[in-house]
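# A structural walkthrough
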Amino acid sequence: MFVRSLCRWGVLACILVGQPLLAAQINVVSFGGSVREAQRQAFYRPFKEATDVLVVNGSYNGQFDKLRRMQAMQHVTWDVMEVESPELARGCEEGLFRPLSESLQREAGDLLPGALRPCGVGTFVWSMALAYDTERLSQAPRNWADFWDVQRFPGGRGLRQGAKYNLEFALLADGVPASEVYTRLATAAGVEQAFRKLDELRPHIRWWQAGEEPVRRLADGGVVMSAAYSGRIGAAQDQGAKLGLVWAGSIYDFDFWAIPRGSINVQEAERFIHFASQAEPQRAFAELIPYGPVNRQATSSLSAERAARLPTAEANMRDALAIGVDFWAEHGDALEQRFTAWLARR
């Protein structure tokens, strides 16, 4: 009788009678592969256990085209995005991301310098390094000049499809000191120099987009060397892959969590970012995949063996290059367009 009476007030009320309330959930997108699996174990599942908020996780390639379309239609289905810092800076300036609330900035945790930005909170420190097949090469490469030397080191080369990273590696291979790379790239002559160097290697390059591709191509013999995210290589090494890493000339940076403008779950998104920034989830993530924690307490709790394999280890940072966040925020669009035109040439 009560239900029949209630139904007179409308179909929605009738449907809701006797139905449990839907559990809260957020949609988080990251770069997929072994990183996403580590995020599931270290962040997503423990967050659900601690808060009863379900994390629905997907992957994307780091481009903002889909986000812009969702925002134009005023129908944003992503709540948290994993973003590299140049893209975070550009997206923040364009208004693609929400500025962090004061409470999240206060409560994020004991983070490394640079891990807190106006629109994002760091989640780990990564490195783009030179990876190689230890079984197919008779000697180990030492730097990007060796990567370019297809006479001494015959075989395919893997590079991420895009201007970022590759222009830096090209200048390093051409003898430009790491400390001068971005000064040089800021000139027209430096850009020309980098593209000329890429021209030399182009017939041997196998381009990749997703972070797991270099591991697969090294494993199946498609390439003998590749630029690769160090943590992906480290995860493959943990599984027994005979791969090596060259840290000299690597490029390191933070990845960040950011909340896109238009998210309808801002409060839960901030709860997730706060949770994922704490020492224990950070430590668990670094144990699952060798990327550097941004929480200082997490770093101090890792074993010496694990810490030595992270991009943040002192020996690995010695000859590495911090990514030029400001440079790519200012010049990224123009250089990516130049790269696309270069790649389209026969």
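Structure first, text after, so check above.
Let me begin by describing the structure that accompanies this report. (Residues numbered from 1 in each chain as written. Predicted model: local features only at pLDDT ≥ 70, side-chain atom pairs only at ≥ 80, totals over all residues. Heavy atoms only, no water.)

Take the overall build of the protein next. Counting secondary structure elements, the protein contains 18 helices and ten strands. Since a compact globule built from 346 residues should have a radius of gyration of about 20 Å, the 22 Å found for the protein is in line with a globular shape. Its C-alpha atoms give the protein principal-axis dimensions of about 85 × 45 × 40 Å. Buried residues in the protein amount to 50% of all 346 residues. Partitioning the intrachain contacts of the protein with sequence separation of at least 6 by distance along the chain shows that 72% fall at a separation of at least 24. When the accessible surface of the protein is totalled, it reaches about 16,300 Å², and 51% of it is carbon and sulfur. Charge separation in the protein, taken as the distance between the mean sites of 38 positive and 40 negative side-chain charges, equals 5 Å. (Helix = DSSP H or I, 4+ residues; strand = E, 2+ residues; numbered from the N terminus. Rg over C-alpha atoms; globule rule 2.2 N^0.38 Å. Buried < 20%, exposed > 50% of the residue type's maximum accessible area, 1.4 Å probe, protein only. Contact = heavy atoms within 4.5 Å. Areas by Shrake-Rupley, 256 points an atom, 1.4 Å probe, with all protein chains shown as cover. Lys, Arg positive; Asp, Glu negative; His and termini not counted. Charge placed at Lys NZ, Arg CZ, Asp CG, Glu CD.)

Take helix 3 (residues 33-51) next. Because an α-helix completes one turn every 3.6 residues, residues spaced three or four positions apart along the sequence face the same direction. Between the first and last C-alpha of helix 3 there are 25 Å, a value that for 19 residues agrees with the 27 Å anticipated at 1.5 Å per step. Maximal helix bending in helix 3 amounts to about 45°, located at Arg-40. Every buried residue belonging to helix 3 is among Val-35, Ala-38, Gln-39, Ala-42, Phe-43, Tyr-44 and Phe-47, and all of these are buried. Of the residues trailing helix 3, Asp-52 is marked for its positive phi of about 65°. (Expected span 1.5 Å × (residues − 1). Bend = angle between axes of the 7 residues up to and from the residue.)

Inspection of the entire model under this criterion finds one disulfide. With its sulfur 2.0 Å from that of its partner, Cys-92 forms a disulfide with Cys-119. Here the disulfide of Cys-92 and Cys-119 is right-handed, its torsion about the S-S bond being about 55°. Remark: Cys-119 occurs in the loop between strand 4 (116-117) and strand 5 (120-133) and Cys-92 occurs in helix 5 (residues 85-94); sequence separation between them is 27 residues. In this structure Cys-92 comes out as partly exposed when scored by relative accessible area, which is 26%. Accessibility expressed as a relative area gives 2% for Cys-119, which makes it buried. (Disulfide = S-S within 2.5 Å.)

Listed as buried for helix 11 (residues 213-220) are Glu-213, Pro-214, Val-215 and Leu-218. Contacts made by the buried residues of helix 11 are with strand 5, strand 7 (205-208), strand 8 (225-229), helix 12 (230-238) and strand 9 (243-258). The first or second residue beyond helix 11 is Gly-221, which carries a positive phi of 85°.

Counting residues in hydrophobic clusters, the biggest one holds 94 residues, and the most contacted among them are Phe-169 and Phe-272. Once you skip the residues sitting within four places of it in the chain, Phe-169 turns out to touch Met-128, Trp-144, Trp-148, Leu-159, Ala-227, Gly-249 and Ile-251. Val-223, Leu-243, Leu-245 and Trp-247 belong to the second-largest nonpolar core, a separate cluster that totals eleven residues. (Core = buried A, V, L, I, M, F, W, Y, C linked by side-chain atoms within 4.5 Å.)

Here the focus is the pairing of strand 8. A large share of strand 8 lies buried, amounting to five of its five residues. Going residue by residue along strand 8, you find Met-225, Ala-227 and Tyr-229 tucked away on one face and Ser-226 and Ala-228 tucked away on the opposite face as well. Both strand 5 and strand 8 contribute to a ladder of five bridges, which runs antiparallel. Looking at the pairing, Tyr-132 lines up with Met-225 of strand 8. Two strands pair when backbone bridges link them, and strand 6 (residues 157-160) and strand 8 are joined in this way by two bridges, in the parallel orientation. In the strand pairing of strand 8, Arg-157 is matched with Met-225. (Pairing = 2+ DSSP bridges.)

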